[in-house]
Amino acid sequence: MLSRKALSALTISMLALAACAPRAGETAGVASIPRAKPTWAFQASDVPVDEGYRFGQLANGMRFVVRHNATPKGTAVVRMNVEAGSLDEGEAERGFAHFVEHMAFNGSTNVPEGEMIKLLERDGLAFGADTNATTSYDRTTYMLDLPRADGRLLDTALMLMRETASELTMSPEAVARERGVILSEMRDRNSFSLRNYVDQTEFVAPGSRYAQRLPIGTTETLSGASAEALRAFYRREYVPAQTTLVVIGDVDAAAVETAIRARFDSWQAAPAEDQPSAGPIATRAEPRTDIYIDPALSERITASRLGAWKDEPDSLAQRRENLLRQVGYAIVNRRLLRLTREANAPFRNAGLGTGDLFEAGRATSLVIDTVDGKWRRGLVTAAQEYRRALHYGFSADEVHEQVAAIRAANANSAAAQDTRSNGQLTGAVLALVTDEVVPDTPSRSLARLEAFIPQITPAAVLAALKRELVPLDVPLLRFQGRMPPTGGEAGLRQAWDQAMRAAIAPPKAAESGQFAYTDFGAQGRVVSDRVEPLLGIRELRFANGVRLNLKQTDLQKDRIWVQTSIDGGNFLATKDQPLATKLGSVLTLGGLGKHSKDQLDTLLAGKTAATSFAVTDETFTQLVTTNRQDLLLQMQLLAAQVTDPGYRREGEVQFRQSVNNMFASLRATPGATLAADGGAILSDNDPRFSLGKVEDWRGLTFEKLKSTIGERLASGAIEIGLVGDFDPDAAITAVAASFGALPARETDFRPYADERRRSFTADRSPRVLRHSGPKDQALVTITWPTRDGEDPVEMLKLELLERVVRIELTDTLREKLGKAYSPSASSTTSRTWRDYGVFGISASVEVGEIAATRAAIAETLADLRDRPLPADVLLRARAPMIESFENLLKTNAGWLAYVDRAQTEPDRIERYLRSVERVKAITTADIQAIARRYLTPQAGVEITVLPDGVAAGADQATVSR
């Protein structure tokens, strides 16, 4: 439950597009005079606040925000933000904020230990998906996503938040049990990326508080955490004045406010301590250098300078300044992106940005990702591009491209203003709570943007960028990678100095032109037009064989979801050529025949249209979102990708770079090792489901891809699904003028009967795989063969069994034994592979706990097979499953799952409509019977992933990879 965002805060802040003027020679975050802050930031701002929110504050100091919103209809979200994070911890309390977050699920005055999650599961909230919490450096947030916004469930949610606020009991026994879970979480998160992050923070901000306050804590402080010490931290930090409650959804806002007051008025006010500074941050220029080596890390060089944090309250003037800065950074990063698309690119990725280091300082960073061993050229090229921007500035065309993109995003937001989702509205108000950004309406923001655009000139953009950016004159230089840079620290500094001294030429103007794919021939003729009766999906077929399915919704105003499905997919990858379709994942990077990807980005600036291409087991798919204005352009673009892919070499280059990194870090963690080698074990080394050799991946070319997929793109069946707010006649015309105008093609998707054969290994002997990560990390997995998904009832039984097993394993391995942070279960009942399906269990555990974990899993499964399932467990598993079905069609994405292939796979609709009644009909005896049928000890294949050098058990066979 630890926030991943918190762990990457430095990286995110360094690449953010934000604002601060540099002040050389200062130390930030040591002493400052904070401005007096109002209850809400909008009270001291000229930015108008969105009137749809209802703001309030109780007499005890707790703040709340309520809003009625019916997208998705009948649902609600509840968030409680407590300004208590790892920065608030004393030296002996490191990890306590996160520990307290865990204890919120382990007993309170009115909710016995272990009952909170069960209570919510019975009401349809799945643990993890709908019930969760995160801890970061400066806050803890509790989250409930309510599948129903009825009064009873909302009252339960408020009751649980109230219990969390001040009523947690934290018994010594519960603390001892949860300690094992948290230590398991710490072990699981000890990855090469986390270790790299720790080194990065200690280098950038040595001696700072945040560098010494990783939210997970330390083994010593967590092991020594007593119930009394945790309660002391809890009482000190969880006070009304540091808490904000947010409720947004299909609710009566006035009634919710009354309920909040009734629940939380009794919370006694208490002093709120100021949060300690995250600093100090030394902002004087100093040529420090850091080299961090890990075999799993791809090569990256970061040049950064630190400056003092500037308190810039949200205002209309500040937003104008921020917009100018945003355009400036976007242009620099657009230039860097263009360089990555060259056939002999100097780097894989690069970016320039400035962002806050909390309120203790700011950092400007130039980050360059290079191919192993090519760091010098990448560093010099990116540094010169940085200098070129500051010296020569920007062109009017560059500014226009970025402004067009910003205007389009704002226009789309304004058009969809009345159908913003609960999540969007919650995110906006939490930005007010956490960052003091006033939530205004998108329409007003658009109006202000339109009025300001004439003032967004190249000169204004460059001036704003210079006001904000901390000059990289004597930067901190940090290298990370698999092998040290040639010349070491001195070599890094020498390369930077070389880039700073080299002559720089003015930037070259990018090519411009007109979109070349507007005429595909005579518009297609509709030969069939009917309305599917169950969900009201309009189904059309054109004379050339292309199928079109339409479903109008009012769920997102002026938003249209489009998916094309083209016959083929991974069925074209054979045992002889198992990698034949892999390059399809980067087909769009090869551009179109008449436009490179880079040219397309410029041509499409300001348009809500994008390229897309993905490879699934059975089809090639294109999935995009657009609006009414750009629907025709979007369909032309998708048709161009199918009829004239560019197959340019730059796409191949980027693919090979990613392949090299993938193989280099292949076994750095237990999970990565299993992903790499598990498929081969379970398929008896079927090449289609095995990783293969890196040499084979490197040998893939667009020429080979074209020979594999070209015929299917030209002749294969196509079915198109459109969902959203569109005019049906305009939608039909757009498709008729693009896909409908193509030459005749196959009407039906091929059966691929032979290709659908897939076997599960007959060798049930246990296996051991090896990873190169920490010596205490192990992964225990068991996989059983089941069946395919052709029988909808059996498929639902297995899905419900998955949820039951997950609950039981969580209760056993996590809550009772404290041996695993997140044990999991999964059921895959394929409709692609005939007579094939799998059920899997996995648990990440400490090496010394492998035998105990196996025993606990075996005991749990034996109980499922041999004893009737308690009715309450079935209820807890079934209720969230039912709610997920009942809420599925409240989003366009949910609708698209049934619209996309409504003509060629119509049975999916009937299966969906009967899913709730079928799930309700499943009994405890059914679950027991299906567990007996599939989850037997002798049927499963156990794969254990151990660290290199750790001995396997006598009953384990090692597989060398």
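Residues numbered from 1 in each chain as written. Predicted model: local features only at pLDDT ≥ 70, side-chain atom pairs only at ≥ 80, totals over all residues. Heavy atoms only, no water.

1. Comments concerning the overall build of the chain
Operational definition: Counting from the N terminus, the helices are DSSP H or I runs at least four residues long and the strands are E runs at least two residues long. In this setup the radius of gyration rests on C-alpha atoms only. A globule is expected at 2.2 Å times the number of residues raised to 0.38. Residue exposure (1.4 Å probe, protein chains only): buried if accessible area is under 20% of the type maximum, exposed if over 50%, otherwise partly exposed. We call two residues in contact when some of their heavy atoms are within 4.5 Å. Residues scored as positive are Lys and Arg, those scored as negative are Asp and Glu, and His as well as the terminal groups of each chain are ignored. We put the charge of a Lys on NZ, of an Arg on CZ, of an Asp on CG and of a Glu on CD.
Each helix and strand in the chain was counted, giving 31 helices and 26 strands. The globule rule puts the C-alpha radius of gyration for 961 residues at 30 Å, and the 29 Å found for the chain is close to it. Summarising its shape, the C-alpha atoms of the chain cover approximately 70 × 70 × 60 Å along the three principal directions. Looking at the chain as a whole, 57% of its 961 residues are labelled buried. Long-range pairs, those at least 24 residues apart, make up 84% of the contacts in the chain with a sequence separation of at least 6. The distance from the centre of the 116 positive side-chain charges to the centre of the 123 negative ones in the chain is 3 Å.

2. Looking at the pairing of strand 4 (residues 76-82)
Spelled out, the test is: Any two strands with at least two DSSP bridges between them are considered paired.
Burial of strand 4 is extensive: seven of the seven residues sit out of reach of the surface. In terms of strand pairing, strand 4 meets strand 6 (residues 140-146) through seven bridges, oriented antiparallel. Across the sheet, the residue bridging to Val78 is Leu144, located in strand 6. Relative to strand 7 (residues 243-249), strand 4 is paired through seven bridges, and the arrangement is antiparallel. Opposite Ala76, over in strand 7, you have Gly249 as the bridge partner.

3. Quick notes on the sheet that holds strand 18 (residues 614-615)
Spatial strand order, 14-15-16-20-17-19-18: seven strands in an open sheet with mixed pairing. Single-partner strands in this sheet number two, and they are strand 14 (526-531) and strand 18. Bridge count between strand 14 and strand 15 (residues 538-542): five bridges; the pairing is antiparallel. What sits directly across from Val526, in strand 15, is Phe542.

4. Comments concerning the sheet that holds strand 2 (residues 54-57)
Pairing between sheet strands relies on hydrogen bonds along the backbone, with the strands arranged either parallel or antiparallel. Rules: To get an axis, fit a line to the C-alpha atoms, keeping to the stretch in contact for a helix; angles then go from 0 to 180 degrees between the N-to-C directions.
Read from one edge of the open sheet, six strands run 2-3-7-4-6-5, paired in mixed fashion. Both outer strands of the open sheet, strand 2 and strand 5 (131-135), are each paired with one neighbouring strand and no more. Here the strands of the sheet are splayed against their neighbours by 15° on average, with no regard to which way each runs.

5. Let's talk about the domain arrangement of the chain
Inclusion rule: Residue ranges labeled as domains rest on an automatic or database domain assignment. Two parts placed together each lose some accessible area under a 1.4 Å probe, and the buried area is that loss summed for both. Salt bridge criterion: a side-chain nitrogen from Lys or Arg within 4 Å of a carboxyl oxygen from Asp or Glu. Side-chain classes are defined by residue name, with Ala, Val, Leu, Ile, Met, Phe, Trp, Tyr, Cys and Pro counting as nonpolar, Asp, Glu, Lys and Arg as charged, and the others, Gly among them, as polar.
Under the domain assignment, the chain is made up of domain 1 (61-193 + 205-265), domain 2 (289-419 + 439-500), domain 3 (526-741) and domain 4 (767-947). Taking the mean C-alpha position of each, domain 3 and domain 4 sit 29 Å from one another. Across the contact, 41 residues belong to domain 3 and 34 residues belong to domain 4. The largest contributions to the domain 3 side of the interface with domain 4 come from Leu535, Pro670 and Ile681, which together make up 19% of the buried area. With its nearest N and O atoms 3.4 Å apart, the salt bridge here joins Arg901 to Glu719. Breaking the side of domain 3 that touches domain 4 down by element, the ones donating at least two residues are strand 15, strand 16 (547-552), strand 17 (560-567), strand 19 (619-626), helix 21 (670-682) and strand 20 (718-724). Of the residues assigned to the side of domain 3 that touches domain 4, the class counts are 18 nonpolar, 12 polar and 11 charged.

6. Quick word on empty space enclosed by the protein
Our working rule: In this analysis a 1.4 Å probe is tested at points of a 1 Å grid over the protein atoms alone, and where it fits but cannot get out there is a cavity; an open set with protein on both sides within 12 Å along at least five of seven lines is a pocket; lining residues have an atom within 4 Å of a point. Grid points are joined across faces, edges and corners, and a volume is the space filled by probe spheres set on the points.
Counted by the stated rule, this structure contains four cavities of 30 Å³ or more. Its volume calculated, the largest cavity comes out at about 60 Å³. Surrounding the largest cavity, Val204, Ala282, Thr283, Arg284, Ala285, Glu286, Arg288, Arg305, Leu306, Val474 and Leu476 form its lining. For the lining of the largest cavity, a count of residues per class yields six nonpolar, one polar and four charged.

7. Here's the deal with the UniProt feature "domain: Peptidase M16 C-terminal" (unreviewed entry) in the chain
We count it as follows: UniProt positions are given in the numbering used here, feature names are shortened, and annotations may be inferred rather than shown by experiment.
Residues annotated in UniProt with the feature "domain: Peptidase M16 C-terminal" (unreviewed entry) correspond here to residues 226-404 and 700-879. Counted over residues 226-404, helix gives 42% and strand 23%. Its end C-alpha atoms are 57 Å apart.

8. Description of the nonpolar core
Test applied: Only buried residues count toward a nonpolar core, which is a set of Ala, Val, Leu, Ile, Met, Phe, Trp, Tyr and Cys residues joined through side-chain atoms within 4.5 Å.
By size, the foremost hydrophobic cluster in this structure holds 72 residues, and its most contacted members are Val78, Leu146, Tyr210, Leu245, Ile260 and Phe264. No other element matches helix 5 (residues 151-166), which puts eight residues into this core. Here this core spans two domains, and each of domain 1 (61-193 + 205-265) and domain 2 (289-419 + 439-500) adds at least three residues to it. Sequence-distant contacts of Leu245, that is, excluding residues within four places in its chain, are made with Met62, Arg63, Phe64, Val65, Val78, Arg79, Met80, Leu158, Met161, Ile260 and Phe264. Counting 71 residues, the second-largest nonpolar core is a separate cluster that includes Phe613, Leu631, Ile681 and Phe702.

9. Some remarks on the pattern of salt bridges
Enumeration over the complete set of coordinates arrives at 84 salt bridges. One salt bridge in this structure joins Glu257 and Arg261, with 3.1 Å as the shortest N-O distance. Residue Glu257 and its partner Arg261 are located together in helix 10 (residues 253-264), separated by four residues, close to a single helical turn. Among the residues examined, Arg261 registers a relative accessible area of 29% and is labelled partly exposed. Via salt bridges that share partners, Arg334, Arg338, Arg341, Glu401, Lys597, Asp598 and Asp601 belong to a single interconnected network.

10. Some words on the packing of helix 3 (residues 96-103) against helix 9 (residues 227-237)
Quick reminder of the rule: An angle below 35 degrees is treated as roughly parallel, one above 145 as roughly antiparallel, one from 65 to 115 as roughly perpendicular, and anything else as oblique.
The contact between helix 3 and helix 9 brings their axes to 10 Å, and the two run at 95°. By the angle between their axes, helix 3 is roughly perpendicular relative to helix 9. Contacts from Phe96, Ala97, Phe99 and Val100 in helix 3 reach Ala229, Leu230, Phe233 and Tyr234 in helix 9.

11. Topic: helix 4 (residues 115-122)
Condition: It is the directions from the helix axis to the C-beta atoms that the arc portrays.
Those residues of helix 4 not exposed but buried are Met116, Ile117, Leu120 and Glu121. Taken around the axis of helix 4, the buried residues stretch over an arc of 130°, which confines them to a single face. Remark: Gly124 follows helix 4 within two positions and exhibits a positive phi of approximately 95°.

12. Focus: the packing of helix 13 (residues 396-415) against helix 15 (residues 442-452)
Our working definition: Each crossing gets its handedness from the near helix: less than a right angle anticlockwise from the far helix is left-handed, clockwise is right-handed.
Interhelical geometry of helix 13 versus helix 15 gives an angle of 150° and a closest axis separation of 8 Å. For the element pair helix 13 / helix 15, the angle class is roughly antiparallel. In this structure, the crossing between helix 13 and helix 15 has a hand that is left-handed. Every residue of helix 15 that contacts helix 13 at Ile406, Arg407, Asn410, Ala411, Ser413 and Ala414 is listed here: Pro442, Ser443, Ser445, Leu446, Leu449 and Glu450. Broken down by class, the residue content of the contact of helix 13 with helix 15 amounts to six nonpolar, four polar and two charged.

13. Some details on unusual backbone geometry
Here Thr71 and Pro72 are connected by a cis peptide whose omega angle stands at -5°. In this structure, the amide linkage connecting Gly279 to the following residue, Pro280, adopts the cis form with an omega of 5°. Take Pro280: it is sitting in the loop between helix 10 and strand 8 (281-282). Its identity as a non-glycine residue notwithstanding, Tyr647 has a phi of 50°, on the positive side. Here Tyr647 is to be found in the loop between helix 19 (631-643) and helix 20 (649-664). For Tyr647, a relative accessible area of 16% translates into the label buried. With phi around 65°, Asn685 is a residue other than glycine that occupies positive phi space. The residue Asn685 is located in the loop between helix 21 and helix 22 (694-698) in this model.

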